[in-house]
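# Observations on the model geometry
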Amino acid sequence: MDMYAVRTLRSQPLRLVLTIGGIALCIVLMLFLLAVYRGVADGSVEYIRQNPVDLWVLQKNATNILRGSSLLSMDQIAAIARAPGVRTAAPVLFLLSTIRKGDKVGTIFLTGFEPDKGLGGPPRLVWGRGPRADDEIVLDRSFARKFHFQGGEEVDLQGRRLKIVGISGGTNAFVIQYAFVTLRFARHLIGVPGLATCVLVNAEPGAGTGPIREEVCDVLAGLEAYDQETFLANNIREMRSGFLPLLYTVAVIGAIVLTAILSLLLSVNILERRKDFAILKTLGSPMAFLWGMVIKQALLIASVSCATALALFFPLAQVIERISPEVTTISTAGQIGGVVAAVLLMSLASSFIAIRRLRRIYFLEAFS
Amino acid sequence: MSGFETPGPVLRLEKVTKIFNGSGHPTTAVREVSLEARRGEMVLLLGPSGSGKTTLLTLVAGLTRPTSGSISLFGKSVEEYAAAELQSLRAEKIGFVFQTFLLIDSLTAAENIEIVLRFNGKRRAERAGKTRALLGELGIAYLADRFPRAMSQGEKQRVGIARAIANDAELLIADEPTGSLETRQAIDIISLLHGQAKTRNATGIVASHDLRLREFADRTLRLQDGMIG
């Protein structure tokens, strides 16, 4: 690294520290948004991913379970189960409900399923077991942490007492968390027997899903059947459409702030050192040499800021997860590499903005 | 660099005029100046403050263009040099000494000299060797790692001279080189500059108001109101 480039920056240590701090915080923000996105993305569709069924049958036009309403009647559920080639048909009922602890009330995405069918339950248990009886419940880990629920405790769900028999992972969709009860209990809760949101279907070995789909879509009116891949894609698309624009907006603001801070520092450096630049120009410095110094300064600041941000990010993410358990962050090497590459690109952009000032530094300034 | 070989005079100005148009009021800084300087010659431009000495130096170095007249540098009209060629010329053939030294305060003495050597593509080891040798030759090796703020005025100007000759300049341009120095330091510095120019057979164009510098010049030209009298 160029001596002049480094020494010029070091000559204003407070400004340098503040700049690196500001940029590092922007980077932390970007890393955090990506980590939250990844956490939400995984948490939102992990339930679907971990329930490997051949078909998801829902009411027509309900393409996903995240933001779609679907109600299947008892007759429809029975007809699906009778369709040719169906080995298992497991109805699942999703509904929003509330759990009370003291004066705190938490909303959950209550999932009623039939434990004996082996489908529709929690994707992963981090403690305990799945619900077997109607007075048992499995809570999401983040939700349990947030409300300080322990396994074996009882919870108050809309006036009913349920025992926590398990804690699940991969069930935090950020804005809401899954909880699992028996289908019978869920139906009892809404007071309408026989209803379900969807039916998870597994075909007989070797039968294929064609005849089932034909029966469901063509014969039974008002239903739609999706294979696992399509249904997963539908839900991911839905999750992205709701969450990504916000993330992108904040990330773009972070990037703009970062570029602005860096451009400002580099421009101020050039203005403060304009006599030095005029001297160097007079002494025969090629413009490329001067540009190189500014670019080196930008890259140096960006690199130190990235290192600072990475040092801050992981402990900070842990603290945030402890304070707000519903925030689940997942960071991958690809994400981090992407942010670092983006920051380096933005630092180059900043240096090009600042470099324009070099053109307006004149030889005669050295003689003034 | 062989592109700037000079068979005739290193520098020739013919009826050069420079008019500045600041704030709509034209000011003639240099008026119909003609001069010539040969290899190894030391020319003193003597004149009071505001007489156009510095403007003339910037014209000589190709840093500004004349309003009228012609300037020939190393046998070629300044007009014919592209901007990049003039930059190369300054990096490889011209050395500058300033009144206020104009060392870069965030660099040590050695680095201030070395940075100029980078402009003409010298490798790191060559730069370091040449810088060390120059500092030794000028008797200021002890300043190598010192920053300008820790040097006396005389020391700063010695480093300034070392920087000016680091590129084996054929043309040394000095703007009031003793202007910020006490009498004894001034004599030391001009002696040094004169000695280095003669040793290297470099042409020196020195602008000053200091009459004592006449004894070091091969030729003295008096400048008054932008004209050579």
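Not measured: the values here are computed from a predicted model.

Moving on, we come to the nonpolar core. Residues and elements named next belong to chain A. Formed by 178 residues in total, the largest nonpolar core has its most connected members in I27, V57 and V201. If one sorts the elements of this core by residue count, helix α2 (residues 13-49) sits on top with 19 residues. Residue contributions to this core reach at least three from each of two domains, namely domain 1 (3-44 + 238-367) and domain 2 (61-221). Leaving out residues up to four positions away in the same chain, I27 has contacts with S305, C306, A309, V339 and V343.

Residue and element names in this part refer to chain A. Split by domain assignment, chain A resolves into domain 1 (3-44 + 238-367) and domain 2 (61-221). A C-alpha centroid distance of 46 Å is found between domain 1 and domain 2. Tallying the contact residues gives 10 residues for domain 1 and 12 residues for domain 2. Elements with a contribution of two residues or more to the side of domain 1 that touches domain 2: α2 and α7 (228-272). The leading source of residues in the side of domain 1 that touches domain 2 is α2, at four residues. Here the side of domain 1 that touches domain 2 is composed, by residue class, of three nonpolar, four polar and three charged.

A word on the sheet that holds strand β4 (residues 68-73) of chain B. Residues and elements named next belong to chain B. Pairing is antiparallel across the open sheet formed by four strands, whose spatial order is β2-β1-β4-β5. Edge positions in the sheet fall to β2 (25-37) and β5 (76-77), since each of these pairs with one other strand and no more. Bridge count between strand β1 (residues 11-22) and β2: nine bridges; the pairing is antiparallel. Paired with V16 across the two strands is V33, which belongs to β2. Sheet contacts for helix α1 (residues 53-60): β1, β2 and β4; angle to β2, the most-contacted strand, approximately 60°.

Residue and element names in this part refer to chain B. Within the secondary structure layout, H194 lies in helix α6 (residues 183-199). Take H194: there are 19 C-beta atoms within 10 Å of it, and that puts it in the partly exposed class. Aside from chain neighbours lying at most four places away, what touches H194 is M42 and F216.

Residue and element names in this part refer to chain A. With respect to the helices and strands, the residue N51 is situated in the loop between α2 and β1 (55-59). Once the C-alpha coordinates of N51 and L200 are considered, the two residues, 149 residues apart in sequence, prove to be 8.6 Å apart. In this view, N51 contacts L119, G120, P123 and L200; residues no more than four positions away in its chain are not counted.

Let us look at the interface of chain B and chain A. Listed by partner, the interface residues are 18 residues for chain B and 17 residues for chain A. Elements with a minimum of two residues in the side of chain B that touches chain A: α1, α2 (83-92) and α3 (109-119) of chain B. With five residues, the top contributor of residues to the side of chain B that touches chain A is α3(B). A per-class count over the side of chain B that touches chain A returns nine nonpolar, five polar and four charged.

The rules we used
In this numbering scheme, every chain counts its residues from 1 along its sequence in written order. Whichever chain is written first becomes A and whichever ligand is written first becomes 1, with later ones labelled in order. Residue-level local features of this predicted model are given only where pLDDT is at least 70; pairs of side-chain atoms are given and counted only at 80 or more, and the full residue set underlies all totals for whole chains, interfaces and linings. Only buried Ala, Val, Leu, Ile, Met, Phe, Trp, Tyr and Cys residues enter a nonpolar core, and they are joined through C-beta atoms within 7 Å. In this scheme the burial state of a residue depends on its C-beta neighbours within 10 Å: 20 or more other such atoms mean buried, 12 or fewer mean exposed, and anything in between means partly exposed; the C-beta positions come from the backbone. Only DSSP runs of H or I reaching four residues or more are called helices, and only runs of E reaching two or more are called strands; each is numbered from the N terminus. The domain limits used here are those given by an automatic or database domain assignment. For the purpose of contact definition, each residue receives a C-beta atom placed from its backbone, and two residues are in contact when these atoms lie within 7 Å. Residues were grouped as follows: Ala, Val, Leu, Ile, Met, Phe, Trp, Tyr, Cys and Pro as nonpolar; Asp, Glu, Lys and Arg as charged; and all remaining residues, including Gly, as polar. When DSSP finds two or more bridges between two strands, those strands count as paired. Axes, fitted as lines to C-alpha atoms, cover a helix only where it is in contact. Angles between the N-to-C directions of the axes lie from 0 to 180 degrees.

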